[in-house]
Amino acid sequence: MFRRVLIANRGEIALRILRACHEMGIEAVCVYSEADRDAPYLRLADRAICIGPGPSKDSYLNISRIIAAAEIADVDAIHPGYGFLSERADFSQICRESKIEFIGPSPEAMRKLGDKVECKRTARAAKVPIFPGSEGEIEDEDEAAQIASDIGYPVIIKASAGGGGRGMRVCRNEASLRTNIRAAQQEALAAFGNGAVFIEKFLEHARHIEVQVLGDKHGHAVHLFERDCSIQRRHQKLIEEAPAPGVDRKKIAQLGEGAARLIKQADYAGAATVEFLMDANQQFYMLEVNTRVQVEHPVTELITGIDIVKASISVAAGEPLGFKQKDISVTGHAIECRINAEDPDHDFRPSAGLIETWRPAGGPGVRLDTHVSAGYRVPPNYDSMIGKLLIHDDSREEALARLGRSLNEFEVGPIKTTLPLYQRLLDNSDFRAGGVDIHYLERWMK
Ligand code: ADP
């Protein structure tokens, strides 16, 4: 097992990884930017190293500074967390060349699943359901028009190297498709350095359902069932829950097996998520694979009892997964609410600044993953998420009641957060019934 790990991230996920390291008897080295120098979790680190000024490009995204810190601290491995460098194959490669284990997939596996066209090809071979659409990259307008008329409008043009919701265009007829193809290729080339685009069927009403998977370096892969992440705003997830309400369990099991096959085919070691959209007939279509631990991973930890962060550290150290598919089962229901420092009453404008009041919820079935407390100043430089309130109970009904009770307890001020929005959502009968689509929240808030 590793002796010492560097955590190339900040905030709640840095603390989450630090806790896993300490429980495994591993020393944790944190890196931080000048904007994070007062972050309380740095006191828990075995060593903390400043890697530069506030802007991410000068610190958390700066590969040479992070590798320098890793060498100074003489670590065996680097955990990238999520965001920042976590999905950069070049970073995984540089770690390998520096003889530092990257806690995540090899650069080859990351490239194979991170490129959307390549990923679709691998998915097709693994019999994972994908959207009808082009087999690979689109060469010209006529080819696109032919495929679109075969699958039917609307269609969506996507960049193979795209990410973060960028580089996508929805086309509702042939004229729009023809004008958008060339523009999409040019835009993709400028934004991602790769002009490859493809088209697929566009689903108007869908739920976002994703499968958590884990692979090791010995050719084993398992799935840890699904999460429903349909409560979103501008493609940003706000609430995630598991199991997905009302979805056929047989279909979920099939989907899970397919997702595990997919990462196995890519020789993938570590935690990954295979994301799908599901239509009203419970047909699934793969969106993409996230080749890292996700914000919402604790939802799955609560229903399966498996510690995903510890498992990913173990497999990176070369250990086989300690469980088989038949050992994994679902217990109860879990819900996560992301606590963002944003004002939901004013178009979610950022609300950074000093937290004077922080009285968190607690008690049975409540887990709070956060790095903040009273006296913490939320820096304006980074993502607005400051924590995650997680609930576990026997059934969805009970979990919702426990969530309501927890939201009533939780007090934060004077900064604004998304917590009051969740309180209002709990009174919404559609949300309570379960199964709303990915545009529901935006329609409801209008
Ligand atoms: P990115 O990597 O940029 O996040 P995704 O492929 O994951 O791109 O798509 C981002 C979002 O766009 C999805 O969460 C979904 O809301 C929407 N989307 C993508 N593809 C489709 C599709 N075929 N039909 C309907 N919505 C889609």
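Remember, predicted model here, so these are calculated numbers, not experimental data.

Student: Break down the overall build of the protein for me, with residues and values.
Tutor: Per the secondary structure count, the protein includes 14 helices and 22 strands. Overall size of the protein, expressed as C-alpha extent along the three principal axes, is 60 × 55 × 45 Å. Scored against the burial criterion, the 446 residues of the protein give a buried share of 57%. Of all intrachain contacts in the protein linking residues separated by at least 6 positions in sequence, the fraction that spans at least 24 positions is 67%. Of the accessible surface of the protein, which amounts to about 18200 Å², a share of 48% is contributed by carbon and sulfur atoms. If you average the places of the 56 positive and of the 65 negative side-chain charges in the protein, the two averages end up 1 Å apart.

Student: Mind laying out the site of the ligand, listing which residues take part and the relevant values?
Tutor: Every one of the 18 residues lining the ligand counts as a neighbour, but K116, K158, G165, K201 and L203 are closest to it. In the model, an oxygen atom of the ligand is placed 2.9 Å from a nitrogen or oxygen of the E288 side chain. Here the ligand loses 92% of its free accessible area of 550 Å² to cover by the protein chains. Secondary-structure elements contributing two or more residues to the shell around the ligand are strand 6 (155-159), strand 8 (197-201) and strand 13 (284-290). Of the residues in the shell around the ligand, the class split is eight nonpolar, four polar and six charged. The two domains that each donate at least three residues to the shell around the ligand are domain 2 (130-201) and domain 3 (207-445).

Student: Kindly report on the domain arrangement of the protein, identifying the contributing residues and their values.
Tutor: Taken domain by domain, the protein comprises domain 1 (4-103), domain 2 (130-201) and domain 3 (207-445). Here the C-alpha centre of domain 3 lies 23 Å away from the C-alpha centre of domain 1. Each partner contributes residues to the interface: domain 1 has 33 residues there, and domain 3 has 28 residues. Both faces considered, domain 1 and domain 3 share a buried interface measuring about 2200 Å² in area, 60% of it formed by carbon and sulfur atoms. Our count for the contact surface shared by domain 1 and domain 3 stands at six salt bridges. Between E23 and K310 there is a salt bridge; the shortest N-O distance is 2.8 Å. Linking domain 1 with domain 3 are eleven residue pairs in polar contact (both at pLDDT 80 or more). Elements that contribute at least two residues to the side of domain 1 that touches domain 3 include exactly helix 1 (11-23) and strand 5 (101-102). With nine residues, the top contributor of residues to the side of domain 1 that touches domain 3 is helix 1.

Student: An account of the pairing of strand 10 (residues 221-233) is needed here, citing residue identities and associated values.
Tutor: Counting buried positions over the 13 residues of strand 10 gives 13, a clear majority of the element. If you look at the hairpin formed by strand 9 (residues 207-215) and strand 10, you'll find five residues sitting between the two strands, and G219 has a positive phi there, around 80 degrees. Looking at chain direction, strand 10 and strand 11 (residues 236-242) are connected through four bridges and run antiparallel. Opposite R233, over in strand 11, you have Q236 as the bridge partner.

Student: Report on the packing of helix 4 (residues 107-114) against helix 5 (residues 116-125), specifying residues and quantitative values.
Tutor: For the pair helix 4 and helix 5, the least separation of the axes is 5 Å and the interaxial angle reads 90 degrees. Taken together, the axis directions place helix 4 and helix 5 in an arrangement best described as roughly perpendicular. On helix 5, the residues that touch R111, K112, L113 and G114 of helix 4 are K116, E118, C119 and T122. In terms of residue class, the contact of helix 4 with helix 5 is made up of two nonpolar, two polar and four charged.

Student: Could you give me a rundown of the pairing of strand 12 (residues 270-278), with the residues and numbers involved?
Tutor: Counting buried residues in strand 12 gives nine out of nine residues, a clear majority hidden from the surface. With nine bridges connecting them, strand 9 and strand 12 associate as antiparallel partners. In the sheet register, H208 faces strand 12, and the bridge partner there is L277. Alignment of strand 12 against strand 13, held across six bridges, turns out to be antiparallel. When the bridges of strand 13 are listed, E275 appears paired with E288. Linking two consecutive strands that pair antiparallel, namely strand 12 and strand 13, is a turn of five residues; a positive phi of about 60 degrees is found at Q282 within it.

Student: Hey, could you go over the environment of D307 for me, with residue numbers and the actual values?
Tutor: With respect to the helices, strands and loops of the structure, D307 is situated in the loop between helix 9 (297-304) and helix 10 (308-316). Along the sequence, D307 and A20 sit 287 residues apart, while their C-alpha atoms lie 8.6 Å from each other. For D307, the residues in contact, after removing those within four places along its chain, are R16 and E301. At 3.2 Å, the side chain of D307 and the backbone nitrogen of V309 are in polar contact. There is a polar contact of 2.8 Å between the side chain of D307 and the backbone nitrogen of K310.

Student: I'd like to hear about helix 3 (residues 89-97), residue by residue, with values.
Tutor: Residues of helix 3 that are buried include every one of A89, F91, S92 and C95, and no others. In a view along the axis of helix 3, the buried residues occupy a sector of 165 degrees, so they form one face of it. Buried-residue contacts for helix 3 involve helix 2 (63-73), strand 4 (77-79), strand 5 and helix 4. The first or second residue beyond helix 3 is K99, which carries a positive phi of 60 degrees.

Student: Residues and numbers for the pattern of salt bridges, please.
Tutor: Here the structure, examined in full by the defined rule, presents 43 salt bridges. Ionic pairing is found between R16 and E301, a salt bridge with its closest N-O pair at 2.8 Å. In this pair, R16 sits in helix 1 while E301 sits in helix 9, placing the two residues 285 residues apart along the sequence. You'll find R16 and E301 in the same group, each marked buried.

Student: Tell me what's going on with the environment of G365, and back it up with residues and numbers.
Tutor: Along the polypeptide, G365 turns up in the loop between strand 18 (357-359) and strand 19 (366-370). By relative accessible area, G365 is classed as partly exposed at 31%. For G365 and G163, which are 202 residues apart along the polypeptide, the C-alpha to C-alpha distance reads 35 Å. When sequence neighbours within four positions are dropped, the list of residues in contact with G365 reads L390, I391, H392 and R402.

Parameters at a glance
- Residues numbered from 1 in each chain as written.
- Predicted model: local features only at pLDDT ≥ 70, side-chain atom pairs only at ≥ 80, totals over all residues.
- Heavy atoms only, no water.
- Helix = DSSP H or I, 4+ residues; strand = E, 2+ residues; numbered from the N terminus.
- Buried < 20%, exposed > 50% of the residue type's maximum accessible area, 1.4 Å probe, protein only.
- Contact = heavy atoms within 4.5 Å.
- Areas by Shrake-Rupley, 256 points an atom, 1.4 Å probe, with all protein chains shown as cover.
- Lys, Arg positive; Asp, Glu negative; His and termini not counted.
- Charge placed at Lys NZ, Arg CZ, Asp CG, Glu CD.
- Near = heavy atom within 4 Å.
- Polar contact = N/O pair within 3.5 Å; in protein donor to acceptor, adjacent residues only side chain to side chain.
- Nonpolar A, V, L, I, M, F, W, Y, C, P; charged D, E, K, R; others polar.
- Domains from an automatic or database assignment.
- Buried area = accessible area lost by both parts, 1.4 Å probe.
- Salt bridge = Lys/Arg side-chain N within 4 Å of Asp/Glu carboxyl O.
- Pairing = 2+ DSSP bridges.
- Axes fitted to C-alpha atoms, helices over the stretch in contact; angles between N-to-C directions.
- Parallel < 35°, antiparallel > 145°, perpendicular 65-115°, else oblique.
- Arc of directions from axis to C-beta.

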